[in-house]
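# Structural overview
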Amino acid sequence: MQRLNYMLAAAAAPAACAPHTTQEGGIEVLSEDFGNLADSPGWVCINRSIPHGAPWCQGDPDIFPAQAGVPDAYAAASCLSAAHGVGRIDNWLITPTLTLSGPTTLSFFTSRERVDAFDDLLEVRFGRGSATDAASFDTLLASIGGAADFPAQWQPWHLDLTVDGTGRFAFRYLGDAARLSHIGLDTVRVVTCLPEPTSRLLLADGLGILGLLRRQEPH
């Protein structure tokens, strides 16, 4: 079992156009700004909600604009992941298969609609290999929102793990549709083959967002 580390950082580096050696000495193997989610190579949308509704889709600038780029350049999921906004939501956005080489950082931004009394929840998971079935994503890296507040402005995240071989990351939006609103994901970046850090700083920034370190089977 690989050792996984969780970290919430105060800032995230901007996305680049192609894999390259970063200033930190790692190799960037994924950089996605969601200018066109439908055209993003290797990304997979799987909606396991009951009843089935809309998959992850292009952002809606009338609800809130993208973190970077043109106003709709982000991936979005909402209560309509279940048909007519009624039911149990389990909506997945899965990265392309990536080749990872030791210490690796996944960074991204999240936000949600500025409304009260909703319990938006986003899990971030990792699975070895190239499979996209739910059981493959048996490593839970972080859980954002739920009982705690989901950030209502673009919030940067850094999640660390150490793994060699191929794998995918998954963003899983879930919960009772009646308790969910509209969330966004932007500027997803994966850098691998990083030098071992001498220290890492955890900055919760008063948001009360929970990071989970243990392995957990998806439901």
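## Re the environment of Thr99
- Here Thr99 is to be found in strand β7 (residues 98–112).
- The spatial distance from the C-alpha of Thr99 to the C-alpha of Val163 is 9.5 Å, given a sequence separation of 64 residues.
- Ignoring anything within four residues of it in the chain, the contact list for Thr99 reads Val29, Gly165, Thr166 and Thr192.

## Quick word on the pattern of salt bridges
- Inspection of the entire model under this criterion finds 5 salt bridges.
- Of the charged contacts, one joins Asp119 and Arg179 as a salt bridge, the two residues approaching to 3.1 Å between their closest N and O atoms. One end of the pair, Asp119, is in the loop between β7 and β8 (121–128); the other, Arg179, is in the loop between β10 (155–176) and β11 (182–192), with 60 residues separating them in the sequence.
- Its relative accessible area of 32% is what places Asp119 among the partly exposed residues.
- Since its relative accessible area comes to 37%, Arg179 is described here as partly exposed.
- The shortest N-O distance in the salt bridge between Glu123 and Arg125 comes to 2.8 Å.
- For Glu123, a relative accessible area of 7% translates into the label buried.
- Using a relative accessible area of 0% as the deciding quantity, one classes Arg125 as buried.

## Description of the confidence of the model for the protein chain
- Chain-level pLDDT for the protein chain is 83 on average; 78% of the residues reach the 70-or-more range.
- Contacts of residues 1–20 to residues separated by more than four positions or lying in other chains number 63 contacts, the stretch itself having pLDDT below 50.
- Across residues 198–217, where pLDDT falls below 50, the model places 42 contacts with residues more than four positions away in sequence or in other chains.

## Some words on the pairing of β10
- Burial runs high along β10: 17 of the 22 residues are buried.
- Relative to β10, strand β6 (residues 88–94) runs antiparallel, the two sharing 7 bridges. Looking at the pairing, Asn91 lines up with Tyr173 of β10.
- Of the strand pairs in this sheet, β7 and β10 are connected by 13 bridges, and their pairing is antiparallel. When the sheet's bridge partners are listed, Thr110 is paired in β10 with Gln155.

Reading guide: rules and limits
Residues numbered from 1 in each chain as written. Predicted model: local features only at pLDDT ≥ 70, side-chain atom pairs only at ≥ 80, totals over all residues. Heavy atoms only, no water. Helix = DSSP H or I, 4+ residues; strand = E, 2+ residues; numbered from the N terminus. Contact = heavy atoms within 4.5 Å. Salt bridge = Lys/Arg side-chain N within 4 Å of Asp/Glu carboxyl O. Buried < 20%, exposed > 50% of the residue type's maximum accessible area, 1.4 Å probe, protein only. pLDDT = per-residue confidence, 0-100. Pairing = 2+ DSSP bridges.

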